[in-house]
Amino acid sequence: ARDGLKIPGVLYLPPGYDAAPDRRWPVIYLHDGQNLFDDRTAYAGEWQVDETIDRLVREGVRAGWIVVGIDNGGEARMSEYAPWPFAEAPVAKGAAHAAAVAEMVKPMIDARFRTDPRAEATLIGGSSMGAVISVYTALRYPDRFGGVLAMSGSWVEDWMMADLRRWLATLPAPPAHLRVYLDMGAREWGWFGASAKQARSVEEALRTLGLPPERLRLVIDPDGKHREADWARRLPDALLWLSAE
(Lines give C-alpha, C1' and ligand atoms only; values in the text may rest on other atoms or scores of the structure.)
Protein backbone atom coordinates (compact mmCIF):
# COMPACT_ATOMS: atom_id res chain seq x y z
CA ALA A 1 0.00 0.00 0.00
CA ARG A 2 1.10 3.59 -0.63
CA ASP A 3 -0.79 6.53 0.89
CA GLY A 4 -3.62 4.13 1.68
CA LEU A 5 -3.62 2.75 -1.88
CA LYS A 6 -3.63 -1.03 -2.23
CA ILE A 7 -2.89 -2.67 -5.57
CA PRO A 8 -4.00 -6.33 -5.81
CA GLY A 9 -3.78 -8.07 -9.14
CA VAL A 10 -3.16 -11.18 -11.19
CA LEU A 11 -0.08 -12.46 -13.04
CA TYR A 12 0.13 -14.26 -16.39
CA LEU A 13 3.30 -16.08 -17.43
CA PRO A 14 3.71 -16.81 -21.16
CA PRO A 15 3.96 -20.29 -22.69
CA GLY A 16 7.57 -21.43 -22.47
CA TYR A 17 8.42 -19.42 -19.35
CA ASP A 18 9.28 -22.49 -17.24
CA ALA A 19 11.08 -24.21 -20.10
CA ALA A 20 13.47 -21.29 -20.70
CA PRO A 21 15.16 -20.55 -17.34
CA ASP A 22 17.75 -18.24 -18.90
CA ARG A 23 15.30 -16.14 -20.87
CA ARG A 24 14.18 -12.62 -19.95
CA TRP A 25 10.66 -11.60 -20.95
CA PRO A 26 9.03 -8.27 -21.82
CA VAL A 27 6.27 -7.18 -19.44
CA ILE A 28 2.85 -5.58 -19.89
CA TYR A 29 1.16 -3.84 -16.94
CA LEU A 30 -2.59 -3.61 -17.56
CA HIS A 31 -5.25 -1.82 -15.54
CA ASP A 32 -8.68 -3.20 -14.57
CA GLY A 33 -7.11 -6.58 -13.90
CA GLN A 34 -10.47 -8.14 -13.07
CA ASN A 35 -11.50 -7.81 -16.71
CA LEU A 36 -8.39 -9.13 -18.46
CA PHE A 37 -8.50 -12.91 -18.25
CA ASP A 38 -11.73 -14.40 -16.94
CA ASP A 39 -15.43 -13.67 -17.42
CA ARG A 40 -16.08 -15.00 -13.93
CA THR A 41 -14.13 -12.17 -12.31
CA ALA A 42 -14.99 -9.49 -14.87
CA TYR A 43 -17.77 -7.00 -14.32
CA ALA A 44 -18.21 -6.19 -18.02
CA GLY A 45 -16.66 -9.07 -19.97
CA GLU A 46 -13.00 -9.92 -20.48
CA TRP A 47 -10.20 -8.73 -22.76
CA GLN A 48 -9.09 -12.32 -23.57
CA VAL A 49 -5.49 -11.33 -22.89
CA ASP A 50 -4.26 -14.87 -22.21
CA GLU A 51 -6.01 -16.31 -25.27
CA THR A 52 -4.55 -13.55 -27.44
CA ILE A 53 -0.96 -14.02 -26.27
CA ASP A 54 -1.23 -17.81 -26.37
CA ARG A 55 -2.37 -17.57 -30.00
CA LEU A 56 0.41 -15.16 -31.01
CA VAL A 57 2.95 -17.52 -29.45
CA ARG A 58 1.38 -20.59 -31.05
CA GLU A 59 1.43 -18.92 -34.48
CA GLY A 60 5.07 -17.92 -34.01
CA VAL A 61 4.29 -14.21 -34.29
CA ARG A 62 5.70 -13.31 -30.86
CA ALA A 63 7.49 -15.17 -28.09
CA GLY A 64 5.08 -13.79 -25.49
CA TRP A 65 4.92 -11.38 -22.58
CA ILE A 66 4.56 -11.50 -18.82
CA VAL A 67 1.32 -9.69 -18.00
CA VAL A 68 0.68 -7.98 -14.67
CA GLY A 69 -3.02 -7.29 -14.24
CA ILE A 70 -3.58 -4.46 -11.76
CA ASP A 71 -7.04 -4.73 -10.19
CA ASN A 72 -9.10 -1.59 -9.83
CA GLY A 73 -10.48 -0.54 -6.47
CA GLY A 74 -14.15 -0.90 -7.30
CA GLU A 75 -15.92 2.23 -6.11
CA ALA A 76 -12.52 3.92 -5.74
CA ARG A 77 -11.62 3.27 -9.39
CA MET A 78 -12.32 6.79 -10.66
CA SER A 79 -10.15 8.40 -8.00
CA GLU A 80 -7.38 5.82 -8.45
CA TYR A 81 -7.14 6.44 -12.17
CA ALA A 82 -7.65 10.22 -12.16
CA PRO A 83 -4.41 12.23 -12.47
CA TRP A 84 -6.41 15.42 -11.88
CA PRO A 85 -9.67 15.98 -9.94
CA PHE A 86 -13.04 16.24 -11.65
CA ALA A 87 -16.71 15.90 -10.72
CA GLU A 88 -16.71 12.10 -10.46
CA ALA A 89 -13.35 12.05 -8.66
CA PRO A 90 -12.97 15.19 -6.52
CA VAL A 91 -9.97 13.56 -4.81
CA ALA A 92 -7.56 12.50 -7.55
CA LYS A 93 -5.23 9.66 -6.54
CA GLY A 94 -3.73 9.07 -9.98
CA ALA A 95 -0.32 10.47 -9.04
CA ALA A 96 -0.10 8.11 -6.04
CA HIS A 97 -1.28 5.20 -8.20
CA ALA A 98 1.33 5.93 -10.87
CA ALA A 99 4.06 6.14 -8.22
CA ALA A 100 2.97 2.84 -6.67
CA VAL A 101 3.05 1.04 -10.02
CA ALA A 102 6.40 2.52 -11.09
CA GLU A 103 8.20 2.54 -7.74
CA MET A 104 6.73 -0.50 -5.99
CA VAL A 105 4.98 -2.93 -8.32
CA LYS A 106 7.48 -2.87 -11.19
CA PRO A 107 10.57 -3.35 -8.98
CA MET A 108 8.81 -6.19 -7.17
CA ILE A 109 7.92 -7.95 -10.43
CA ASP A 110 11.44 -7.44 -11.80
CA ALA A 111 12.93 -8.93 -8.63
CA ARG A 112 10.67 -11.99 -8.49
CA PHE A 113 10.30 -12.97 -12.14
CA ARG A 114 12.59 -13.25 -15.15
CA THR A 115 11.67 -9.96 -16.73
CA ASP A 116 13.52 -7.76 -19.17
CA PRO A 117 13.45 -4.69 -16.90
CA ARG A 118 14.38 -2.14 -19.56
CA ALA A 119 11.86 0.56 -20.36
CA GLU A 120 12.00 -0.54 -24.00
CA ALA A 121 10.64 -3.95 -22.96
CA THR A 122 7.92 -2.65 -20.64
CA LEU A 123 4.39 -1.62 -21.65
CA ILE A 124 1.58 -0.14 -19.59
CA GLY A 125 -2.04 0.06 -20.68
CA GLY A 126 -5.73 0.16 -20.03
CA SER A 127 -9.08 1.31 -21.32
CA SER A 128 -11.36 4.24 -20.48
CA MET A 129 -9.94 5.83 -17.30
CA GLY A 130 -7.35 3.05 -17.34
CA ALA A 131 -6.09 4.51 -20.62
CA VAL A 132 -5.79 7.96 -19.05
CA ILE A 133 -3.73 6.78 -16.09
CA SER A 134 -1.54 4.65 -18.39
CA VAL A 135 -0.60 7.64 -20.55
CA TYR A 136 0.08 9.68 -17.42
CA THR A 137 2.22 6.97 -15.80
CA ALA A 138 4.38 6.34 -18.87
CA LEU A 139 5.03 10.03 -19.45
CA ARG A 140 5.80 10.60 -15.78
CA TYR A 141 8.16 7.59 -15.65
CA PRO A 142 9.64 7.33 -19.15
CA ASP A 143 12.73 5.59 -17.75
CA ARG A 144 10.53 2.64 -16.70
CA PHE A 145 7.87 2.33 -19.42
CA GLY A 146 8.53 2.32 -23.13
CA GLY A 147 5.06 1.82 -24.56
CA VAL A 148 1.46 2.78 -23.82
CA LEU A 149 -1.71 0.90 -24.78
CA ALA A 150 -4.51 3.47 -24.40
CA MET A 151 -7.88 2.16 -25.58
CA SER A 152 -11.06 4.27 -25.62
CA GLY A 153 -9.61 6.85 -23.25
CA SER A 154 -12.02 8.95 -21.18
CA TRP A 155 -10.73 12.24 -22.55
CA VAL A 156 -13.13 15.13 -22.03
CA GLU A 157 -12.39 18.55 -23.48
CA ASP A 158 -13.61 20.76 -20.65
CA TRP A 159 -11.50 19.11 -17.92
CA MET A 160 -9.31 16.16 -18.83
CA MET A 161 -7.86 17.61 -22.04
CA ALA A 162 -7.26 21.01 -20.47
CA ASP A 163 -5.34 19.43 -17.58
CA LEU A 164 -3.47 17.11 -19.93
CA ARG A 165 -2.32 19.97 -22.15
CA ARG A 166 -1.18 22.03 -19.16
CA TRP A 167 0.74 19.08 -17.76
CA LEU A 168 2.35 18.16 -21.08
CA ALA A 169 3.64 21.72 -21.38
CA THR A 170 5.78 21.10 -18.26
CA LEU A 171 7.41 17.92 -19.59
CA PRO A 172 10.63 17.49 -21.55
CA ALA A 173 10.57 15.87 -24.97
CA PRO A 174 9.79 12.15 -24.68
CA PRO A 175 12.63 9.63 -24.98
CA ALA A 176 13.30 8.02 -28.34
CA HIS A 177 12.08 4.60 -27.17
CA LEU A 178 8.53 5.68 -26.22
CA ARG A 179 5.64 4.38 -28.35
CA VAL A 180 1.99 5.32 -27.75
CA TYR A 181 -1.01 3.49 -29.19
CA LEU A 182 -4.35 5.33 -28.95
CA ASP A 183 -7.71 4.15 -30.18
CA MET A 184 -11.40 4.97 -30.01
CA GLY A 185 -14.57 3.41 -31.33
CA ALA A 186 -16.69 5.49 -33.67
CA ARG A 187 -19.76 4.13 -31.84
CA GLU A 188 -18.60 4.78 -28.26
CA TRP A 189 -21.62 5.10 -26.03
CA GLY A 190 -20.46 8.40 -24.62
CA TRP A 191 -18.93 7.60 -21.24
CA PHE A 192 -17.61 11.01 -20.22
CA GLY A 193 -18.25 12.02 -23.80
CA ALA A 194 -15.63 9.66 -25.22
CA SER A 195 -15.33 10.34 -28.93
CA ALA A 196 -13.04 10.09 -31.92
CA LYS A 197 -12.67 13.87 -31.88
CA GLN A 198 -11.22 13.76 -28.37
CA ALA A 199 -8.88 10.91 -29.28
CA ARG A 200 -7.57 13.05 -32.13
CA SER A 201 -7.04 15.90 -29.65
CA VAL A 202 -4.86 13.61 -27.53
CA GLU A 203 -2.91 12.56 -30.60
CA GLU A 204 -2.32 16.20 -31.50
CA ALA A 205 -1.21 17.05 -27.96
CA LEU A 206 1.29 14.18 -27.92
CA ARG A 207 2.66 15.18 -31.31
CA THR A 208 3.16 18.68 -29.94
CA LEU A 209 5.10 17.14 -27.05
CA GLY A 210 7.47 15.66 -29.60
CA LEU A 211 6.36 12.10 -30.35
CA PRO A 212 7.16 11.40 -34.01
CA PRO A 213 4.55 9.80 -36.31
CA GLU A 214 6.26 6.42 -36.35
CA ARG A 215 5.95 6.20 -32.54
CA LEU A 216 2.40 7.47 -32.15
CA ARG A 217 -0.57 5.63 -33.61
CA LEU A 218 -4.28 6.47 -33.51
CA VAL A 219 -6.85 3.89 -34.59
CA ILE A 220 -10.52 4.81 -35.04
CA ASP A 221 -12.60 1.62 -35.05
CA PRO A 222 -15.69 2.30 -37.21
CA ASP A 223 -17.74 -0.35 -35.38
CA GLY A 224 -16.18 0.05 -31.92
CA LYS A 225 -18.20 0.65 -28.78
CA HIS A 226 -17.08 1.28 -25.18
CA ARG A 227 -16.80 -2.36 -24.17
CA GLU A 228 -14.34 -5.15 -23.45
CA ALA A 229 -15.31 -7.18 -26.53
CA ASP A 230 -14.07 -4.41 -28.81
CA TRP A 231 -10.87 -3.90 -26.80
CA ALA A 232 -10.22 -7.65 -27.03
CA ARG A 233 -10.74 -7.52 -30.80
CA ARG A 234 -8.24 -4.67 -31.24
CA LEU A 235 -5.68 -6.04 -28.76
CA PRO A 236 -3.61 -8.29 -31.08
CA ASP A 237 -2.90 -5.54 -33.60
CA ALA A 238 -2.12 -3.05 -30.82
CA LEU A 239 0.36 -5.40 -29.13
CA LEU A 240 2.12 -6.21 -32.39
CA TRP A 241 2.51 -2.51 -33.22
CA LEU A 242 3.78 -1.63 -29.74
CA SER A 243 6.33 -4.44 -29.78
CA ALA A 244 7.56 -3.90 -33.34
CA GLU A 245 11.32 -3.78 -33.71
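Here is a short report on the structure shown in this document. Here the structure is a predicted model, which means the values were calculated and not measured. (Residues numbered from 1 in each chain as written. Predicted model: local features only at pLDDT ≥ 70, side-chain atom pairs only at ≥ 80, totals over all residues. Heavy atoms only, no water.)

**Some points on the pairing of strand β3 (residues 66–70)**
Part 1 of the reasoning: Among the five residues of β3, five are classified as buried, and the element is accordingly described as predominantly covered.
Part 2 of the reasoning: The alternating pattern of β3 places I66, V68 and I70 on one face and V67 and G69 on the opposite face, and all of these are buried.
Part 3 of the reasoning: Two strands pair when backbone bridges link them, and strand β1 (residues 9–12) and β3 are joined in this way by four bridges, in the antiparallel orientation. Paired with V10 across the strands is G69, a residue of β3.
Part 4 of the reasoning: Sheet topology note: the strand β2 (residues 27–31)/β3 ladder contains five bridges and is parallel. The partner of H31 across the bridge, within β3, is I70. (Buried < 20%, exposed > 50% of the residue type's maximum accessible area, 1.4 Å probe, protein only. Helix = DSSP H or I, 4+ residues; strand = E, 2+ residues; numbered from the N terminus. Pairing = 2+ DSSP bridges.)

**A look at the environment of G69**
Part 1 of the reasoning: Here G69 is to be found in strand β3.
Part 2 of the reasoning: Residues G69 and I28 lie 41 residues apart in sequence; the distance between their C-alpha atoms is 8.3 Å.
Part 3 of the reasoning: Non-local contacts of G69, meaning those with residues more than four positions away in its chain, are made with P8, G9, V10, L30, G33 and L36. (Contact = heavy atoms within 4.5 Å.)

**Here we look at the packing of aromatic side chains**
Part 1 of the reasoning: Taken as a whole and judged by the stated rule, the model has seven aromatic pairs.
Part 2 of the reasoning: Ring geometry for Y17 against W25: centres 6.3 Å apart, planes inclined by 40°, an arrangement best described as tilted. Across the pair, exposure class does not vary: Y17 and W25 are buried alike.
Part 3 of the reasoning: The rings of W84, Y136 and W167 are connected pair by pair, giving a single aromatic cluster.
Part 4 of the reasoning: We note R23 situated over the ring of W25; from NZ or CZ to the ring centre the distance is 4.7 Å.
Part 5 of the reasoning: The residue whose ring lies beneath R179 is W241, and the NZ or CZ to ring-centre distance is 4.3 Å. (Phe/Tyr/Trp six-rings, centres within 6.5 Å; stacked < 30°, edge-to-face > 60°. Lys NZ or Arg CZ within 6 Å of the ring centre and 35° of its normal.)

**Some points on the pairing of strand β6 (residues 179–185)**
Part 1 of the reasoning: Among the seven residues of β6, seven are classified as buried, and the element is accordingly described as predominantly covered.
Part 2 of the reasoning: Bridge count between strand β5 (residues 147–151) and β6: five bridges; the pairing is parallel. Pairing of G147 across the sheet is with R179, part of β6.
Part 3 of the reasoning: Direction of pairing for β6 relative to strand β7 (residues 216–221): parallel, over a ladder of six bridges. Counterpart to G185 in the pairing with β7 is D221.

**Thoughts on the pattern of salt bridges**
Pairing is possible between side chains of opposite charge, provided their charged atoms come close.
Part 1 of the reasoning: Scanning all chains against the criterion turns up 13 salt bridges.
Part 2 of the reasoning: When the shortest N-O distance is used, the salt bridge between R166 and D163 registers 2.5 Å. Of this pair, R166 and D163 both sit in helix α5 (residues 157–168), three residues apart, which is roughly one turn of the helix.
Part 3 of the reasoning: Its relative accessible area of 16% is what places D163 among the buried residues.
Part 4 of the reasoning: Measuring nitrogen to oxygen at the nearest pair gives 2.7 Å for the salt bridge that ties R234 to D183. (Salt bridge = Lys/Arg side-chain N within 4 Å of Asp/Glu carboxyl O.)

**What about unusual backbone geometry?**
Part 1 of the reasoning: Phi at Q48 takes a positive value of approximately 60°, unusual for a residue other than glycine.
Part 2 of the reasoning: One can find Q48 in the loop between β2 and α1 (49–58).
Part 3 of the reasoning: The partly exposed category is assigned to Q48, whose relative accessible area is 39%.
Part 4 of the reasoning: A positive phi is found at S152, a non-glycine position, where the angle reads about 50°.
Part 5 of the reasoning: Looking at where S152 falls in the secondary structure, it is placed in the loop between β5 and α5.

**Brief notes about the environment of A20**
Part 1 of the reasoning: The residue A20 is located in the loop between β1 and β2 in this model.
Part 2 of the reasoning: Separated by 194 residues in the primary sequence, A20 and E214 place their C-alpha atoms 33 Å from one another.

Any functional reading would require information that these geometric values do not contain.
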